[in-house]
Amino acid sequence: MMKDQAISWQAQWIWNAYEESPRNEWWCFRKEFTVSAAEAEHATLSITADSRYVLYVNGTQLGRGPVRCWPLEQVYDTYEVGHLLKKDQKNTIAVLVMHFGISTYSYLLGRGGLIAQLNVVDSDHHCDAILTTDASWKVSRHFGQHSRVPRMSFQQGFAERIDARNWDEAWVLPEYNDAAWEHATVIGEPGMEPWKKLIPRDIPLMSETDAYPSRVESLHEVRPVDWTTIIDTRTQMAPGSEEHANAYGYAGYIATVVRADESGTAKVGFTYRSPHVHGLILNGERFTREQLMSGPLEVKLHQGDNLFMVELIGQDHGRGLFLGMDSELPFELVSPLTDEAAYSPFVSIGPFYQYEYIDHQFGTDAQAKHRAIAACGARDEKAIDAEAAQDKQEFKIFCSAGESRTAHELMEWKEWIRPVPLQLVSEDAVISLSAWKKVSTEHPVQAQLQQAVMATPLAAVLPVYSGADTELIIDFGKVMSGYISFELDAGEGTIVDLYGFEYMRDGWIQHMHYLENSIRYICREGRQQYLSPIRRGFRYIIVTVRQASRPVRLYDLHMKLNHYPIAEVGQFQCSDAMLNEIWKISQHTTKLCMEDTFVDCPSFEQAFWVGDSRNEALIAYYLFGSEEFIKRCLQLVPGSRYQTPLLVDQVPSGFNSVIPNWTFFWVIACLEYYKRTNDEDFVRTIWPEVQHTLSHYMELLDERGLLFMHAWNFLDWAPIDQPRHGVVTHQNMFLVGALHAAADLAEIAQATEDADVCRQQAKQLKSAVNAVLWSDEMEAYLDCIHGDGRHSDIFSMQTQVVALLCGIAEGDRHRKLASYMVSPPETFVPIGSPFMSFFYYEALAQIGEFDQMVDDIRYQYGRMIQYGATTCWEMYPKVDIDEDHPQQLTRSHCHAWSAAPPYFLGSYVLGVRGEASGWRKVSVQPNPCGLTWARGSVPLPDSGRIDVSWRLTDDHKLKLQISAPPQVEVEAKLPDGYEGEMILKRTGSYDV
């Protein structure tokens, strides 16, 4: 890949002649051509697409893209392709374009499109186009891909269903006959909406290596339940919501008719119960959410038609309605409304009181609807605003519709009823089939089955069970992220389901909540290979073979491990084996969570959360360097200014949400990037964006001089008092910190007057925090003042930590808070997550409590390891370590915001700290923290590294060895209270 190569675009945007933005469709494009030897030698191909592409040249997969970006600045990739071209022979460029048709947490809906250009680069690096996308290209729908599948999660695109019988994988080869394909449709020139600007990719292509499983964990004979689906209730209830990824509040129902041949019982299951699933109504009988929480619910079916309704109340963010049903009785689902083929057996009733929820724009109308929705759930008409007559009428309709016992009675409210299109109701739900089974019988794992995980030509022959399916659970040994690849031999029509998850222990599986992390692959006859184009994260994968006419021979199953290309320059070892293991799982976590930006986790969301990335950047500096990558992350953030000048908390995203602290962390991270790199051009570019957003925050100060706002006022997953409306103390404190960082950025950008303004604003806000939010009685800062003026009675360690970090507390207050860091008051809310621990460790380091910092790392992360962690968890284990049967210890088992230890072990145990911008000067002052020796390396920003090794030679004597490039000034110092020798090694010499 040729990075930063700008080209003159002569190509046209092309698409098919059908729908502009179809929901979850894959389209295939081809172009045949010839090139001369001279042209081939210096040929490059530039390409981008909406939403994602996979590129093939003469059958060789060359790349994937584009990186996540704002549509107004669509990123393109440029590849060297000369080595793949055949001179004076037929060549083929083939491109798979996967269009989402919806907005996600990493993509904003545009429209389907592809643009590509084959260039010849001369000795002066000028590009001449010799092939461009135009109407001569061929296009076809990928008929093997089923579009009627569920979302993987509400943050991502779609799961995967492939019917290999319906598609020829040879379509990427030059000899493929595409005569039946249509010609592409030209839809516009470069610069068309929504891609007004095309910009070259600014980071390398991802690293991709093969990773094989470690073992077959188990073998089961299984029988699935009769019927499963996932319904996209958000899109049904809010037509047009594909344009963004915001939540909707509403009350309403999803209904169908269960037609039974005779009376009897059935079990109804919700594999995952979305927060807005409020209850179930069958023939007028109501079952509460609490009844649904305890597992599949047994219900009575009458012979004939049974009206089945799911009550939906609250906010719907797109998690979907996970439904399953099982019965010994024959049954079918039919629509109460229509039998048209385009529609499913489901209808929606409502929505009532619908509103779009944007946390920082939660106005009075939305608040009134929010209260009315809650009233629907409680069946409490008095809770609805008295003056809203129309609202009360909707309430009565909602309640009356919910009392319907038959489809005929339901038709009284026909004007509120709409059929649910087939596209919104999945044909099945692999997560439900994998988690809920009628029968599951374990069998010993035969030795030959382990061949499935070995990189050998031998196949594992999977047994076939009469009247049942075959299930393997395969362990990759640790969490992985990338693309699943497999090779097998099977009979035509055999179904292979693959479902990935992160954690199991002693046979208990932690299923992935709302994450449909799955592939359904329907085999053609014979031997075949498949490489999924959809990125996934998991440790374990359930492989279930269904409807096999003969034993499946599984030759290969592996992961194309995919992440940002890094060198493992940072290293750490010490005399404590537990700390060494903690460092390793932190390193692996960070690597998995470096895609084209940082992502929070490789499984659930794969989203770039802005605030998380401040801490992740500091970790990455000490592990890999990766300054170019971090710069890209920082520069993406201001693109959300069109959504709000406050900047959203994950980018680029269709979810318009503001966590103010995340914006403040971004400002601080911009300064930390400068300190790491000395990149003044970056500061001059980013300073106007910093100034713009902070000026809008300052407009939200109230008469007391405090930040008072509607937003997701979040810091930690803990019971601290952080309401979505009011004055949140930690938020005001971090705004002080951001203003100080902004002042430094302004100085570097030579905006001296602006720097003075920021410092004055920080001083005034700090004064207001101390005047209003300090409690003399508790000798601490309270958590918040609620929107109604009520002062919080909750005091937390989180708030006190932030007060120390941001320099809010001085004198006696500072000393009191410092004592809390060592001995937290029992009544204070404790630190709740590894993310918050990062700030706690910063506070401990600030006051010199390094031993406590390392002890806490050893204890908290050691608990993860004792539970089998191979990556850092989103949360600390939620149960005592001695519990035999853990349940839901954390949500995500691989979370980048939790990988703090390498930063703190490198900066305080090894003791390596940057002291001048660009790290032209570093200090090395290790802290033993109960260890007898430690050694390791810290990357430098441009080239080279700092190597440190120290060992205790006596109780308070230490030998310190440092190796550094000659251009770096090193200030070495022994730990306080220690004496010994220090050796600084330069190229070819020693300084003592």
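Cut-offs and rules
Along every chain, residues carry numbers that run from 1 in the direction the sequence is written. Where local features are concerned, this predicted model is filtered to residues with pLDDT of at least 70; where side-chain atom pairs are given and counted, the filter is 80 or more; whole-chain, interface and lining totals use all residues. Here the side-chain values reflect all heavy atoms present in the structure, with hydrogen atoms and water set aside. Only DSSP runs of H or I with at least four residues qualify as helices, and only runs of E with at least two residues qualify as strands; both kinds are numbered from the N terminus onward. Throughout, radius of gyration means the C-alpha value; the globule benchmark is 2.2 Å times the number of residues raised to the power 0.38. Exposure is judged per residue with a 1.4 Å probe applied to protein chains only, and the accessible area is read against the type maximum: over 50% gives exposed, under 20% gives buried, and values in between give partly exposed. Throughout, a contact is declared for two residues whenever any of their heavy atoms are within 4.5 Å. Each accessible area is a Shrake-Rupley result for a 1.4 Å probe, and residues are judged covered by the shown protein chains and nothing else. Neither His nor the chain ends contribute to the count of charged residues, in which Lys and Arg are positive and Asp and Glu negative. The atoms used to mark charge sites are NZ of Lys, CZ of Arg, CG of Asp and CD of Glu. UniProt positions are given in the numbering used here, feature names are shortened, and annotations may be inferred rather than shown by experiment. Criterion used throughout: strands pair if DSSP finds at least two bridges between them. Simply put, an axis is a line fit to the C-alpha atoms, just over the touching stretch for a helix, and the angle between two N-to-C directions goes from 0 to 180 degrees. Should an angle fall under 35 degrees it is taken as roughly parallel, and over 145 as roughly antiparallel, whereas 65 to 115 is taken as roughly perpendicular and any remaining angle as oblique. By the convention adopted, Pro, Cys, Tyr, Trp, Phe, Met, Ile, Leu, Val and Ala count as nonpolar, Lys, Arg, Asp and Glu as charged, and the other residues, Gly among them, as polar. Think of it this way: a Phe, Tyr or Trp ring, Trp meaning its six-membered ring, pairs with another when their centres are within 6.5 Å, and the plane angle makes it stacked under 30 degrees, edge-to-face over 60, tilted otherwise. Two conditions define a charge sitting above a ring: the NZ of Lys or the CZ of Arg must be within 6 Å of the ring centre, and it must be within 35 degrees of the ring normal. Between the first and last residue of a helix there are one fewer steps than residues, each counted as 1.5 Å, and that sum is the expected span. Bend at a residue means the angle formed by two fitted axes: the first through the 7 residues ending at that position, the second through the 7 residues beginning there. Definition used for salt bridges: Asp or Glu carboxyl oxygen within 4 Å of a side-chain nitrogen of Lys or Arg. In this scheme the handedness of a crossing depends on how the near helix is turned from the far one: anticlockwise by less than a right angle means left-handed, clockwise means right-handed. As a per-residue measure, pLDDT reflects the predictor's confidence and takes values from 0 up to 100.

Visitor: Would you mind showing me how to read the overall build of the protein chain here?
Guide: Assigned secondary structure in the protein chain consists of 19 helices and 51 strands. Scaling as 2.2 N^0.38, a compact globule of 992 residues should have a C-alpha radius of gyration of about 30 Å, and the protein chain matches this with 30 Å. Projected onto its principal axes, the C-alpha positions of the protein chain cover 85 × 80 × 60 Å. Among the 992 residues that make up the protein chain, the fraction classed as buried is 63%. Across the protein chain, the fraction of contacts at a sequence separation of at least 24, relative to all contacts at a separation of at least 6, is 75%. About 36400 Å² of surface is accessible on the protein chain, with carbon and sulfur atoms providing 47% of the total. Averaging the locations of the 86 positively and 132 negatively charged side chains of the protein chain gives two centres separated by 2 Å.

Visitor: Got a minute to help me understand the UniProt feature "domain: Bacterial alpha-L-rhamnosidase N-terminal" (unreviewed entry) in the protein chain in this structure?
Guide: When the UniProt feature table is mapped onto this chain, "domain: Bacterial alpha-L-rhamnosidase N-terminal" (unreviewed entry) is found at residues 40-190. Its end C-alpha atoms 25 Å apart, residues 40-190 is made of 1% helix and 44% strand.

Visitor: What am I meant to see in the pairing of strand 7 (residues 91-99) here?
Guide: Remember that side chains alternate between the two faces of the sheet whenever the strand is regular. In terms of burial, strand 7 is largely enclosed, as nine of its nine residues are buried. Burial of strand 7 is two-sided: the residues Asn-91, Ile-93, Val-95, Val-97 and His-99 facing one way and the residues Thr-92, Ala-94, Leu-96 and Met-98 facing the other way are all buried. Sheet topology places strand 2 (residues 25-33) next to strand 7; nine bridges connect them, and they run antiparallel. Paired with Arg-30 across the bridge in strand 7 is Ala-94. Sheet topology places strand 4 (residues 52-57) next to strand 7; six bridges connect them, and they run antiparallel. Residue Arg-52 lies in a different strand from strand 7, and its bridge partner there is Met-98.

Visitor: Can you help me understand the packing of helix 17 (residues 834-846) against helix 19 (residues 901-909) in this one?
Guide: When two helices pack together, their arrangement is given by the angle between the helix axes and by the axis-to-axis distance. At a minimum axis separation of 11 Å, helix 17 and helix 19 run at an interaxial angle of 10 degrees. When the axis of helix 17 is compared with that of helix 19, the two are roughly parallel. Note on element contacts: helix 19 touches helix 17 through Tyr-903, Phe-904 and Tyr-908, opposite Phe-838, Tyr-841, Glu-842 and Ala-845. Among the residues making up the contact of helix 17 with helix 19, the classes are represented as six nonpolar, no polar and one charged.

Visitor: Help me out: how do you make sense of the sheet that holds strand 19 (residues 264-269) in this one?
Guide: One key point about sheets: their strands pair by backbone hydrogen bonds, in either a parallel or an antiparallel sense. Strand order in the open sheet formed by four strands is 17-24-19-22, with antiparallel pairing between adjacent strands. Two strands in the sheet have a free side with no partner beyond their single neighbour: strand 17 (227-231) and strand 22 (297-301). In this sheet, neighbouring strand axes are inclined to one another by 25 degrees on average, regardless of whether the strands run parallel or antiparallel. Pairing of strand 19 with strand 22, which is carried by five bridges, proceeds in the antiparallel orientation. In the strand pairing of strand 22, Gly-264 is matched with Leu-301.

Visitor: What's the story with the packing of aromatic side chains in this structure? I'm lost.
Guide: Each aromatic ring pair is characterised by the separation of its centres together with the angle its planes make. Counted by the stated rule, this structure contains 65 aromatic pairs. Their ring planes at 75 degrees and their centres at 5.8 Å tell us that Tyr-622 and Trp-919 sit as a pair that is edge-to-face. One end of the pair, Tyr-622, is in helix 9 (residues 610-623); the other, Trp-919, is in the loop between strand 44 (912-914) and strand 45 (921-924), with 297 residues separating them in the sequence. In this structure, Arg-319 is placed above the aromatic ring of Tyr-514, and the distance from its NZ or CZ to the ring centre is 5.2 Å. Positioned above the aromatic ring of Phe-604 is the side chain of Arg-891, whose terminal nitrogen or guanidinium carbon lies 4.7 Å from the ring centre.

Visitor: Got a minute to help me understand helix 9 in this structure?
Guide: Residues spaced three or four apart along an α-helix point in a common direction, a consequence of the helix completing one turn every 3.6 residues. The first and last C-alpha atoms of helix 9 sit 20 Å apart over 14 residues, in line with the 20 Å expected at 1.5 Å per residue. Along its length, helix 9 reaches its greatest deviation from straightness, about 30 degrees, at Glu-616. For helix 9, a buried count of 14 out of 14 residues is recorded, marking the element as mostly surrounded by other parts of the structure. Gly-625 sits one or two residues past helix 9 and shows a positive phi near 85 degrees.

Visitor: What exactly am I supposed to notice about the pattern of salt bridges here?
Guide: Should their charged atoms come close, side chains of opposite charge can pair. Evaluated as defined, the whole model comprises 57 salt bridges. Salt-bridge contacts for Glu-689 lead to Arg-641; the nearest nitrogen and oxygen are separated by 2.8 Å. Remark: Arg-641 occurs in the loop between helix 10 (627-636) and helix 11 (660-677) and Glu-689 occurs in helix 12 (residues 680-698); sequence separation between them is 48 residues. Glu-810 is the partner of Lys-766 in a salt bridge, and the nearest nitrogen-oxygen pair spans 2.5 Å. A residue pair is termed long-range when its members are at least 10 positions apart, and Lys-766 in helix 14 (residues 752-772) and Glu-810 in the loop between helix 15 (797-805) and helix 16 (811-822) qualify at 44 residues. The exposure class assigned to Lys-766 is buried, which follows from its relative accessible area of 18%. Connected through shared salt-bridge partners, Arg-161, Asp-428, Asp-469, Asp-497, Glu-516, Arg-520 and Arg-546 make up one network.

Visitor: How should I be thinking about the side chain of His-895 in this particular structure?
Guide: Looking at the secondary structure, you find His-895 in the loop between helix 18 (850-866) and helix 19. Among residues more than four places away in sequence, those in contact with His-895 are Thr-589, Cys-593, Asp-600, Cys-601, Cys-872, Trp-873 and Glu-874.

Visitor: Honestly, the pairing of strand 2 in this entry has me stumped. Any pointers?
Guide: The buried count for strand 2 comes to eight of nine residues, which makes it a mostly enclosed element. Sheet topology places strand 2 next to strand 10 (residues 138-141); four bridges connect them, and they run antiparallel. Within strand 10, the residue paired with Cys-28 across the bridge is Ser-140.

Visitor: Teacher, can you tell me more about the packing of helix 17 against helix 18 here?
Guide: In contact at an axis separation of 8 Å, helix 17 and helix 18 are set at 160 degrees when each is read in the N-to-C sense. In terms of axis orientation, helix 17 runs roughly antiparallel to helix 18. The handedness of the crossing between helix 17 and helix 18 comes out as left-handed. Residues Pro-834, Ser-837, Tyr-840, Tyr-841, Leu-844 and Ala-845 of helix 17 form the contact with helix 18, whose participating residues are Phe-850, Gln-852, Met-853, Asp-856, Ile-857, Tyr-861 and Met-864. Split by residue class, the contact of helix 17 with helix 18 holds ten nonpolar, two polar and one charged.

Visitor: What's the story with the confidence of the model for the protein chain in this structure? I'm lost.
Guide: Caution applies to low-pLDDT parts of the model: their predicted coordinates are not meant to be read in detail. Averaged over every residue, the pLDDT of the protein chain is 95; residues scoring 70 or more account for 98%. For the stretch residues 881-885, pLDDT sits under 50, and the model shows five contacts to residues farther than four places along the chain or on other chains.

Visitor: Which parts of the structure should I look at to understand the sheet that holds strand 45?
Guide: Taking strand neighbours across the sheet as the criterion, the three strands line up as 44-45-49 in an open arrangement whose pairing is mixed. Looking at the sheet topology across the chains shown, the edges are occupied by strand 44 and strand 49 (969-972). Along the sheet, successive strands turn relative to each other by an average axial angle of 25 degrees, direction set aside. Relative to strand 49, strand 45 is paired through four bridges, and the arrangement is parallel.

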